[in-house]
Amino acid sequence: MRPPAVAGSFYPADPTELRATVETLLDTVRREAGRVADRAIAYVVPHAGYRWSGPTAAHVYAELAGRDIDRVVILGPAHRVPLRGIAVPAEERWSTPLGPVDLDAGGARDLVADGLAHADDEPHALEHSLEVQLPFLQVLGVSRVLPVCVGAAGADAVAALLSVVAVPGSLVLCSTDLSHYLTQEEARRTDAATADAIVRLEPERIGEWDACGRYALRGLLAWARDLRPTVRLLHLATSADEGGPAERVVGYAAASLSRDAA
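Small disclaimer: the values here were computed from a predicted structure and weren't measured. What you see as residue numbers is a count from 1 along each chain, following the sequence as written. Residues qualify for local features only when their pLDDT is at least 70, as the model is predicted, and side-chain atom pairs are given and counted only at 80 or more; totals for whole chains, interfaces and linings, by contrast, use all residues. Only heavy atoms go into the side-chain values, all of them from the structure, while hydrogens and water stay out.

A. Quick look at a nonpolar patch on the surface. Only residues whose relative accessible area exceeds 30% and that form no salt bridge enter a patch; like-charged residues are grouped when within 9 Å of one another, and nonpolar side chains (Val, Leu, Ile, Met, Phe, Trp, Tyr) when within 5 Å. Working definition of accessibility: Shrake-Rupley area with a 1.4 Å probe, residue cover restricted to the visible protein chains. Criterion for a salt bridge: a side-chain nitrogen of Lys or Arg within 4 Å of a carboxyl oxygen of Asp or Glu. Residues Val 199, Leu 233 and Leu 236 make up a contiguous nonpolar surface patch of roughly 200 Å² in combined accessible area. Exposed residues in this analysis have more than 50% of their type's maximum accessible area, buried residues have under 20%, and partly exposed residues fall in between, with area computed by a 1.4 Å probe over protein chains only. Assessed through its relative accessible area of 31%, Leu 236 is described here as partly exposed.

If you want it as structure tokens, here you go:
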């Protein structure tokens, strides 16, 4: 079982404090009337420390309360280990201070067998972009996940994987932060352009420095483009909005991709 790698730094290590933190973040977000959350097939969600990106991430997770979700597929970048292609874990369980989380080991093996990913626990071992999503899911009662580390990979490769895993009962989370270490004014301009590319499903507009999870994000948008979902920007913020210095900020976005009613 993979132990938590960033408990005590990105989020509280104490289970009681962690649960209270997540519940407080969720309680601050109110679902907007008329939003088609129950038909959302995928979300973009940030992955910094809860102090900074938690309020933005909560806009995604507040929509998931009460939904019947069999499995969440989480795509995120590999920050710690150089990675080419797409890696799924060989492990069958991960843990957080809130307890163990079951991985969809069979789904991971199928992706490997189909040549859509390779099995490698190393990129996952210290990766925070996937781990920080788990306590939110645990508080909401989601107990099965399929973590996917996306390194240098073409949008078509990521889209091919998503076309296999995005089945009824599954939900896709694309974990990415936006611009890094620009000034608040520069970040607002850059991130607004990135958010517009997300809403318009234009992966070719996501530049190398626009998002740390750019490979996963480009793939998500390429996959979704054929489905023609309704894309909604739920929240856009920076670390400065949460009290960080305005001279060096990180951008965060929450967005939903929903099927229109038949």
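B. Seen up close, the environment of Ile 86. Relative to the elements of secondary structure, Ile 86 occurs in strand E3 (residues 86-88). Between the C-alpha atom of Ile 86 and that of His 118, which follows or precedes it by 32 residues, the distance is 6.4 Å. Throughout, a residue-residue contact means that at least one pair of heavy atoms, one from each residue, lies within 4.5 Å. Aside from chain neighbours lying at most four places away, what touches Ile 86 is Leu 116, Ala 117, His 118, Val 148, Cys 149, Val 150, Ala 153, Ala 157, Val 158 and Leu 161. Where helices and strands are cited, they refer to DSSP runs of H or I of at least four residues and of E of at least two residues respectively, numbered from the N terminus.

C. Spatial organisation of helix H9 (residues 214-225). For H9, which comprises twelve residues, the first-to-last C-alpha distance of 16 Å matches the rise-based estimate of 16 Å (1.5 Å per residue) to within 8%. Counting buried residues along H9, ten of its twelve residues qualify, which places the element largely inside the surrounding structure. Buried within H9 we find Arg 214, Ala 216, Leu 217, Arg 218, Gly 219, Leu 220, Leu 221, Ala 222, Trp 223 and Ala 224. Between the first and last residue of a helix there are one fewer steps than residues, each counted as 1.5 Å, and that sum is the expected span.

D. Structural context of the pattern of salt bridges. One pass over the structure, following the stated rule, counts 14 salt bridges. Two residues, Glu 131 and Arg 2, come together in a salt bridge whose shortest N-O distance is 3.0 Å. In this pair, Glu 131 sits in helix H5 (residues 128-131) while Arg 2 sits in the segment before helix H1 (15-27), placing the two residues 129 residues apart along the sequence. A residue is classified by how much of its surface remains accessible, and Arg 2, at 2% relative accessible area, is buried. Here Glu 92 ties to Arg 109 by a salt bridge, and the two come within 3.9 Å at their closest N and O atoms. One end of the pair, Glu 92, is in the loop between E3 and strand E4 (93-96); the other, Arg 109, is in helix H3 (residues 105-113), with 17 residues separating them in the sequence. Classification of Arg 109 by relative accessible area gives exposed; the value is 52%. Put simply, Asp 70, Arg 71, Asp 104 and Arg 144 are held in one network by salt bridges that share partners.

E. How the structure looks around the packing of aromatic side chains. Each aromatic pair joins two rings of Phe, Tyr and Trp (for Trp, the six-membered one) with centres within 6.5 Å, and gets the label stacked for planes under 30 degrees apart, edge-to-face for over 60, and tilted for any other angle. Under the counting rule described, the total for this entry stands at three aromatic pairs. Taken together, a centroid distance of 5.0 Å and an interplanar angle of 50° make the contact between Tyr 50 and Phe 136 tilted. Note that Tyr 50 is positioned in helix H2 (residues 50-64) and Phe 136 in helix H6 (residues 134-139), a separation of 86 residues in sequence. The class for Phe 136 is buried, based on a relative accessible area of 1%. An angle of 10° between the planes, with centres 4.5 Å apart, marks the rings of Tyr 61 and Phe 136 as stacked.

F. View of the environment of Trp 94. Note on placement: Trp 94 falls in strand E4. Taking relative accessible area as the criterion, Trp 94 reaches 1% and is therefore assigned buried. Between the alpha carbons of Trp 94 and Leu 134 there is a distance of 9.3 Å; along the sequence they are 40 residues apart. Dropping the residues within four chain positions of it, Trp 94 is found in contact with Met 1, Arg 2, Pro 89, Gly 99, Pro 100, Val 101, Leu 103, His 124, Leu 130, Leu 134 and Pro 147.

G. Spotlight on the layout of surface pockets. A cavity here means a set of 1 Å grid points, computed over protein atoms only, where a 1.4 Å probe fits but cannot escape. A pocket is an open set with protein on both sides within 12 Å along at least 5 of 7 lines, and lining residues have an atom within 4 Å of a point. Grid points are joined across faces, edges and corners, and a volume is the space filled by probe spheres set on the points. Counted as a void, the largest pocket has a volume near 290 Å³. Elements that contribute at least two residues to the lining of the largest pocket include exactly strand E9 (180-182) and strand E11 (249-258). Here the lining of the largest pocket gets three residues from one element, more than from any other, and that element is E11. Among the residues making up the lining of the largest pocket, the classes are represented as nine nonpolar, eight polar and two charged. Note that Gly is not counted as nonpolar here; it falls among the polar residues with everything else outside the nonpolar set of Ala, Val, Leu, Ile, Met, Phe, Trp, Tyr, Cys and Pro and the charged set of Asp, Glu, Lys and Arg.

H. Molecular detail of the pairing of strand E5 (residues 99-103). Of the pairings in the sheet, the one linking E4 to E5 comprises four bridges and is antiparallel in character. Directly across from Ser 95, in E5, lies its bridge partner Pro 100. A pair of strands counts as paired when DSSP detects no fewer than two bridges linking them. The antiparallel hairpin formed by E4 and E5 contains two residues in its connecting segment. In this sheet, strand E7 (residues 144-150) lies alongside E5 in parallel orientation, the contact comprising two bridges. Within the sheet, the bridge partner assigned to Leu 103 lies in E7 and is Val 145.

Taken by themselves, the reported measurements are silent on function.
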